[in-house]
Amino acid sequence: MSIAGWFRTKVFIIAFRLALTKASPGGFTIDETNDFLSVRLIDKVTDKKFLLTGLVKEGAEGLWFNGHNEHGLECVIPMKNLRDFSFLGIHHYRGYNIKWDNALAFVWSYYTLGSWRIEKKDKREQGRFNKRTLARQDRMQVLATFVQQTIKDPDFRASSFALLEILYTRRWFRHPEQETTGAYYDLVLDSLIASGDLKKADNLIYSLQSQGLTTLANYELEERRFRDADTQQRRIGWLTAVLVIVGIVQALATYYAPGSPPVLSPASVTSGR
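Residues numbered from 1 in each chain as written. Predicted model: local features only at pLDDT ≥ 70, side-chain atom pairs only at ≥ 80, totals over all residues. Heavy atoms only, no water.

### Here we look at the pairing of strand β5 (residues 85-93)
- Counting buried positions along β5 yields eight of nine residues, so the element is predominantly enclosed.
- Direction of pairing for strand β1 (residues 35-43) relative to β5: antiparallel, over a ladder of nine bridges. Bridged to S38 within β5 is I90.
- Sheet topology places β5 next to strand β6 (residues 96-100); five bridges connect them, and they run antiparallel. Note that in β6 the partner of H91 across the bridge is I98.
- Connecting β5 to the antiparallel partner β6 that follows it, the hairpin turn spans two residues, and R94 within it adopts a positive phi of roughly 50°. (Buried < 20%, exposed > 50% of the residue type's maximum accessible area, 1.4 Å probe, protein only. Helix = DSSP H or I, 4+ residues; strand = E, 2+ residues; numbered from the N terminus. Pairing = 2+ DSSP bridges.)

Okay, here's the thing in structure tokens:
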């Protein structure tokens, strides 16, 4: 084993031991009471995952998962094979799942209070976000979002929660206006379903219908016509104002030009006798 491989294995073992000292007590929830560590190894070839549960003389002990929603199989990964896996360390900290894909960074962050600092920074940013009013988008803007996302991914589907995350980022969920904003967009989505622009599946997932493209195209065409007409009206208004000013200037120039009749005050006018 090379020096680099030996060092990497040693760092893995240190990370394993650290994670096992603060392992999950079981039955945890995603709230502000959590403070424990977990480590997963990911096979570089198959992308299958291994959940660490112990450390034995032969290597890392844990559960091997062949796919999603499958029961883990008990196994041991020998020390010499650790280099064939990618590292994923997670600190489940006060409602946050803070992840590291480097074993050394995982250990360093824990001992330097990295998760605590991340939590404090995130709460400061959330506090600033909560002071903002969530500007609500109209139904055409929501439809445009579905069109844009579907162009990027033809299989795009989204729940109302996913839509709000796209519009406002994940911070919307902790915003004081979260409930009223969610209710508003439920009404907007129902309106787009009624008009045939979106389709809703039984699992409350929304997707774009072909009618939505036509609706949005017609709306953008009308908007373009309105803007063109408004621009034309403003140009006519400016031209009229310019012509009026030019006329006034020409009248004044003619009136005060050399050789024009003198201006007589009433006192200088004689009776003609």
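We are not done yet, so read on.
### Observations regarding helix α1 (residues 3-21)
- Helix length check: α1 (19 residues) gives 27 Å between terminal C-alpha atoms against 27 Å at 1.5 Å per residue, within 8%.
- Those residues of α1 that fall on the buried side of the exposure criterion are G5, T9, V11, F12, I13, A15, F16, L18 and A19.
- Buried positions along α1 lie against β1, β2 (49-55), β3 (59-65), β5 and α2 (103-111). (Expected span 1.5 Å × (residues − 1). Contact = heavy atoms within 4.5 Å.)

### A closer look at the packing of aromatic side chains
- Evaluated as defined, the whole model comprises 11 aromatic pairs.
- A centroid spacing of 5.9 Å and a plane angle of 85° characterise the contact between W172 and F173, whose relative ring orientation is edge-to-face.
- For W172, a relative accessible area of 4% corresponds to the buried category.
- An aromatic cluster is present here, built from F12, F16, F87, W100 and F106 joined pairwise through their rings.
- Just above the ring of Y96 sits the side chain of R174; from NZ or CZ to the centre is 5.3 Å. (Phe/Tyr/Trp six-rings, centres within 6.5 Å; stacked < 30°, edge-to-face > 60°. Lys NZ or Arg CZ within 6 Å of the ring centre and 35° of its normal.)

### Some details on the packing of α1 against α2
- Across the interface, α1 lies against α2 with an axial gap of 8 Å and an inter-helix angle of 45°. For the element pair α1 / α2, the angle class is oblique. When the axes of α1 and α2 are compared, the crossing they make is left-handed. Packed against α1, whose contacting residues are V11, F12, I14, A15, L18 and A19, the element α2 presents A103, L104, F106, V107, Y110 and Y111 at the interface.
- Of the residues contributing to the contact of α1 with α2, the split by class is 12 nonpolar, no polar and no charged. (Axes fitted to C-alpha atoms, helices over the stretch in contact; angles between N-to-C directions. Parallel < 35°, antiparallel > 145°, perpendicular 65-115°, else oblique. Left-handed = near helix turned anticlockwise from the far one by under 90°. Nonpolar A, V, L, I, M, F, W, Y, C, P; charged D, E, K, R; others polar.)

### Examining helix α3 (residues 114-130)
- Across its 17 residues, α3 extends 24 Å between first and last C-alpha, which sits within 8% of the 24 Å expected from 1.5 Å per residue.
- For α3, every residue scored as buried is listed here: G114, S115, E119, D122, Q126 and F129. Buried residues of α3, viewed axially, fall in a sector of 130°; they line one side. Every exposed residue of α3 that faces more than 90 degrees away from the buried side is listed here: R124 and R128. (Arc of directions from axis to C-beta.)

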